[in-house]
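Working through the structure, step by step
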Amino acid sequence: IYKDEIMRTIHIYGGSFDPPHLGHMAAVEYLNNKIYNSEYPSSDLLLICPSFNPFKIEQPLQSDYNDKVAMCAKAFPNNFILHYNHTYMMSLINHIQIMYYNVNIVIYVGDDDTGLEVHKWQDIDEIKKCAAIESIDLGKISEYTHASSGKVREHICKAEYELAGRLLDGSIFGYIIGHQLYKE
């Protein structure tokens with residue numbers, strides 16, 4: 001690194017985003033405000049990283065990866081959506097380290113079940129050597145603490161569209177209905 005060069009930090013907000021709901025959107029708004037409003041150097045970057053969640057293998061009605069990416073592009077239009085289909089965080093970190101030479105990495109997790117299961121992640125000790133992990137307390141930043149992708153999928157499957165719509169941005173709801181996602 002040259003003397004006057006600032007080391008960039010890549011901030012990762014990952015998840016299955018199946019679909020991205022209002023709680024996810026509130027978390028990204030919080031992160032955008034935190035990262036891009038002077039708390040961090042202007043060279044920092046927030047990446048939204050849709051993935052497959054190995055803890056949710058048994059859950060039915062999952063959309064395919066391209067649908068997740070498309071929904072994330074609608075939910076987070078001002079952010080970079082990393083189109084890298086991964087299951088495990090260490091694979092994503094390795095990919096980012098190749099894409100962005102000499103970076104710090106911060107991983108943000110929600111306070112839902114997935115965030116509470118960080119200790120179960122594959123290669124967690126190696127991940128902790130490469131990245132900081134921070135939790136987002138959705139209850140402190142949003143009224144959508146009850147939002148969950150699983151609830152949305154369940155409501156859509158049962159044709160409970162009004163209930164699903166309360167947890168989603170209209171563009172995401174329209175995408176789901178238009179592409180007939182989460183139907184049995």
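Residue positions within a chain follow its written sequence, with the count starting from 1. Per-residue local features are limited, in this predicted model, to residues with pLDDT of at least 70; the limit for side-chain atom pairs, both in listing and counting, is 80 or more; totals at the level of whole chains, interfaces and linings are taken over all residues. To get the side-chain values, take all heavy atoms of the structure and skip hydrogens and water.

Quick notes on the pattern of salt bridges
Any Lys or Arg side-chain nitrogen located within 4 Å of an Asp or Glu carboxyl oxygen qualifies as a salt bridge. Inspection of the entire model under this criterion finds five salt bridges. Across the pair Glu126 and Lys129 runs a salt bridge whose closest N-O atoms are separated by 3.9 Å. Remark: Lys129 and Glu126 occur in helix α5 (residues 124–130); sequence separation between them is three residues, near one turn of the helix. Given a relative accessible area of 36%, Glu126 falls into the partly exposed group. Buried means the residue's accessible area, taken with a 1.4 Å probe over protein chains only, is under 20% of the maximum for its type, while exposed means over 50%, and partly exposed covers the values in between. Residue Lys129 is classed as exposed on the basis of its relative accessible area, which comes to 68%. Arg166 is paired through a salt bridge with Glu162; the nearest N and O atoms lie 2.8 Å apart. Helix and strand definitions here come from DSSP, where helices need a minimum of 4 consecutive H or I residues and strands a minimum of 2 consecutive E residues; each element is numbered from the N-terminal end.

A word on the packing of aromatic side chains
Stacked, tilted and edge-to-face are the three classes applied to pairs of Phe, Tyr and Trp rings, where Trp contributes its six-membered ring and a pair requires centres within 6.5 Å; stacked means planes under 30 degrees apart, edge-to-face means over 60, and tilted covers the rest. All told, the structure shown has three aromatic pairs when counted by the stated rule. Summarising the aromatic geometry, the rings of Tyr13 and Phe17 are spaced 5.5 Å apart at their centres and angled 65 degrees between planes, so their arrangement reads as edge-to-face. Of the two residues examined, Tyr13 and Phe17, each falls in the buried class. Ring geometry for Tyr161 against Phe173: centres 6.4 Å apart, planes inclined by 75 degrees, an arrangement best described as edge-to-face. Taken together, the positions of Tyr161 in helix α8 (residues 161–165) and Phe173 in helix α9 (residues 170–178) put the pair twelve residues apart, joining distant regions of the chain. Note on Tyr161: relative accessible area 30%, which makes it partly exposed. Taking the relative accessible area as the measure of exposure, Phe173 reaches 22% and is therefore partly exposed.

Quick word on the nonpolar core
For the purposes of this section, nonpolar cores are sets of buried Ala, Val, Leu, Ile, Met, Phe, Trp, Tyr and Cys residues that join through side-chain atoms within 4.5 Å. By size, the foremost hydrophobic cluster in this structure holds 31 residues, and its most contacted members are Tyr13, Ile48, Phe76 and Ile176. Ranked by the residues each element gives to this core, the list is headed by helix α1 (residues 22–39), at six residues.

Describing unusual backbone geometry
Asp18 connects to Pro19 through a cis peptide bond whose omega is 5 degrees. With respect to the secondary-structure elements, Pro19 resides in the loop between β1 (8–15) and α1. One non-glycine residue, Gln180, adopts positive backbone phi at about 50 degrees. Tracing the backbone through its elements, the reader meets Gln180 in the segment after α9. Given a relative accessible area of 60%, Gln180 falls into the exposed group. The phi dihedral of Tyr182 falls on the positive side, at around 65 degrees, and the residue is not glycine. Residue placement: Tyr182 occurs in the segment after α9.

With respect to the sheet that holds strand β5 (residues 132–136)
Ordered in space as β3-β2-β1-β4-β5, the five strands form an open sheet in which the pairing is parallel. Bordering the open sheet on either side are β3 (80–81) and β5, each of which pairs with just one other strand. Two strands are said to pair when DSSP picks up at least two bridges between them. Note that β1 and strand β4 (residues 103–110) share six bridges and pair parallel. Opposite Tyr13, over in β4, you have Tyr108 as the bridge partner.

Just distances and angles here, no functional claims.
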